[in-house]
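Secondary and tertiary structure notes
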Amino acid sequence: MLRQLSVLALLISLLFGLLTKTRSQGANLLDLRSERVLLLTAHPDDECMFFAPTLLALAQDYHVRQAEELTSSVIEDDINKGPPVFSLCMSVGNADGLGFTRRDELQQSLNVLGVSKEKSWVVDHPQLQDNFTAIWDSHIIADTIRPFITDNAITIVLTFDGGGVSGHPNHISLPNGVKHLIETTPALSDLRLYTLVTVPLWSKYTGILGPALSALRMPQSVASILQLIGFQSRFMLKNFGDPDGTPEPPKMIFISHISNYVRALRAMQQHSSQLVWFRWLYVTYSRYMWVNEWARIA
Ligand SMILES: *[C@@H]1O[C@H](CO)[C@@H](O)[C@H](O)[C@H]1NC(C)=O
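Residues numbered from 1 in each chain as written. Predicted model: local features only at pLDDT ≥ 70, side-chain atom pairs only at ≥ 80, totals over all residues. Heavy atoms only, no water.

Labelled according to an unreviewed UniProt entry, the protein chain appears under the name LmbE-like protein, originating from Pluteus cervinus.

Quick look at the structure:
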């Protein structure tokens, strides 16, 4: 019985995986014609292990819109070519002394994920080193990221949430740093922060089941499933109300089509120094290779 059930579950999720184009709910929030998005990570390889569905969906969405607009004769200038998606990595990942190599690997991976070299930076700050036990200081994070955000007119920051997906203290420090930045910089009071939802451990390693589970977790899941299997090309932003009728802050979700999953694997392959056996297990079973759910921090 259990075996039949799991085969059925696998078939259903394969169906999701194959039929969905890259879908994004709340994509209108991230209309890249008017937004400039910064992905803030802690270590090289975070971008592909945790954030690939978002980066790939944003790049794709941008190119689709671009193609639509070019036909209505809007001409893009050369200076701002490519999606306005930026990456800032707060360490070179030097815990094992491989910082120099990992910085290069990061750029290779970002290339695969659609973030060009001019739009990505890596910080190597003595107080912000890759360390499995260190909580990074919010003041130092805020001071370090401020110039990148103001110089590039960033409107939205995407980063980890308080669970950090894996519980790594470096990850967990990042949203606190961004909150501190917004609170202490009047000129940046309009900056919006979205954090990647840490799912409970039992659902973290559901792999390709992730898209299906994520659809089922949504309210109006039937409608969502219809959208997922192609009845509507782009999800609309919904304000999910809680039972008392108080609206929750807007949420976004990005789900990868199987081709984007494969691309995320290719990005992971750029991190040769990190490809030990358990990372292969991770990319095979992790839900974050397929789905990113985002919560807006008010
Ligand atoms: C990592 O952080 C801990 C606690 O903050 C500190 O005691 C330790 O010296 C750090 N390790 C390295 C290699 O810097």
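Now, onward.
**Focus: the packing of aromatic side chains**
In the structure shown here, the tally under the stated rule is 10 aromatic pairs. Measuring from centroid to centroid gives 5.9 Å for F86 and W121, while their planes differ by 10°, and the two rings are stacked. Of this pair, F86 sits in strand β3 (residues 85-89) while W121 sits in strand β4 (residues 120-122); the two residues are 35 residues apart in sequence, bridging distant segments of the chain. Residue F86 is classed as buried on the basis of its relative accessible area of 4%. Cluster of aromatic residues (ring-pair linked, three or more members): F50, F51, F160, Y282, Y288 and W294. (Phe/Tyr/Trp six-rings, centres within 6.5 Å; stacked < 30°, edge-to-face > 60°. Helix = DSSP H or I, 4+ residues; strand = E, 2+ residues; numbered from the N terminus. Buried < 20%, exposed > 50% of the residue type's maximum accessible area, 1.4 Å probe, protein only.)

**As for the pairing of strand β8 (residues 291-297)**
Counting buried positions along β8 yields 5 of 7 residues, so the element is predominantly enclosed. Summarising the sheet, strand β6 (residues 192-196) and β8 pair through 4 bridges and their orientation is antiparallel. Residue pairing for β8: L193 is matched across the bridge by I297. Of the pairings in the sheet, the one linking strand β7 (residues 251-255) to β8 comprises 5 bridges and is antiparallel in character. Its bridge partner being in β8, M252 is matched across the sheet by W294. (Pairing = 2+ DSSP bridges.)

**Description of the packing of helix α4 (residues 99-113) against helix α10 (residues 258-269)**
Orientation of α4 relative to α10, taken along the N-to-C sense of each, is 165°, at an axis distance of 8 Å. Taken as axis vectors, α4 and α10 run roughly antiparallel relative to one another. Between α4 and α10 the crossing geometry is right-handed. Together, S109, V112 and L113 of α4 and R263, A264, R266 and A267 of α10 make up the contact between the two elements. (Axes fitted to C-alpha atoms, helices over the stretch in contact; angles between N-to-C directions. Parallel < 35°, antiparallel > 145°, perpendicular 65-115°, else oblique. Left-handed = near helix turned anticlockwise from the far one by under 90°. Contact = heavy atoms within 4.5 Å.)

**Some points on the pattern of salt bridges**
Inspection of the entire model under this criterion finds 5 salt bridges. Close ionic contact of R102 with D45 constitutes a salt bridge, the shortest N to O distance being 3.2 Å. Here D45 lies in the loop between β2 (37-41) and α2 (46-49) and R102 lies in helix α4, a separation of 57 residues in the sequence. Here R146 ties to D143 by a salt bridge, and the two come within 2.9 Å at their closest N and O atoms. Of this pair, R146 and D143 both sit in helix α5 (residues 138-151), 3 residues apart, which is roughly one turn of the helix. (Salt bridge = Lys/Arg side-chain N within 4 Å of Asp/Glu carboxyl O.)

**So, the layout of surface pockets**
There is about 540 Å³ of room inside the largest pocket. The wall of the largest pocket is formed by 21 residues, among which M49, F132, S166, H168 and R279 lie closest to the centre. Of all the secondary-structure elements, those providing two or more residues to the lining of the largest pocket are α2 and α11 (277-285). No other element matches the 3 residues that α11 contributes to the lining of the largest pocket. Split into classes, the residues belonging to the lining of the largest pocket amount to 8 nonpolar, 6 polar and 7 charged. (1 Å grid on protein atoms, 1.4 Å probe; cavity = no way out; pocket = protein on both sides within 12 Å on 5 of 7 lines; lining within 4 Å. Points joined across faces, edges and corners; volume = space filled by probe spheres on them. Nonpolar A, V, L, I, M, F, W, Y, C, P; charged D, E, K, R; others polar.)

**Details of the site of the ligand**
What surrounds the ligand is the set N131, T133 and A134. The side chain of N131 places a nitrogen or oxygen atom 2.4 Å from an oxygen atom of the ligand. Within the side chain of T133, one N or O atom sits 3.3 Å away from an oxygen atom of the ligand. In isolation the ligand offers 360 Å² of accessible surface; the protein chains occlude 24% of this area. (Near = heavy atom within 4 Å. Polar contact = N/O pair within 3.5 Å; in protein donor to acceptor, adjacent residues only side chain to side chain. Areas by Shrake-Rupley, 256 points an atom, 1.4 Å probe, with all protein chains shown as cover.)

**Points about helix α6 (residues 169-184)**
A rise of 1.5 Å per residue sets the reference length of α6, with its 16 residues, at 22 Å; its end C-alpha atoms lie 23 Å apart and thus fit the reference within 8%. Every buried residue of α6 is listed here: P169, N170, H171, S173, L174, P175, G177, V178, H180 and L181. Buried positions along α6 lie against β2, α2, α5, β5 (156-160) and β6. (Expected span 1.5 Å × (residues − 1).)

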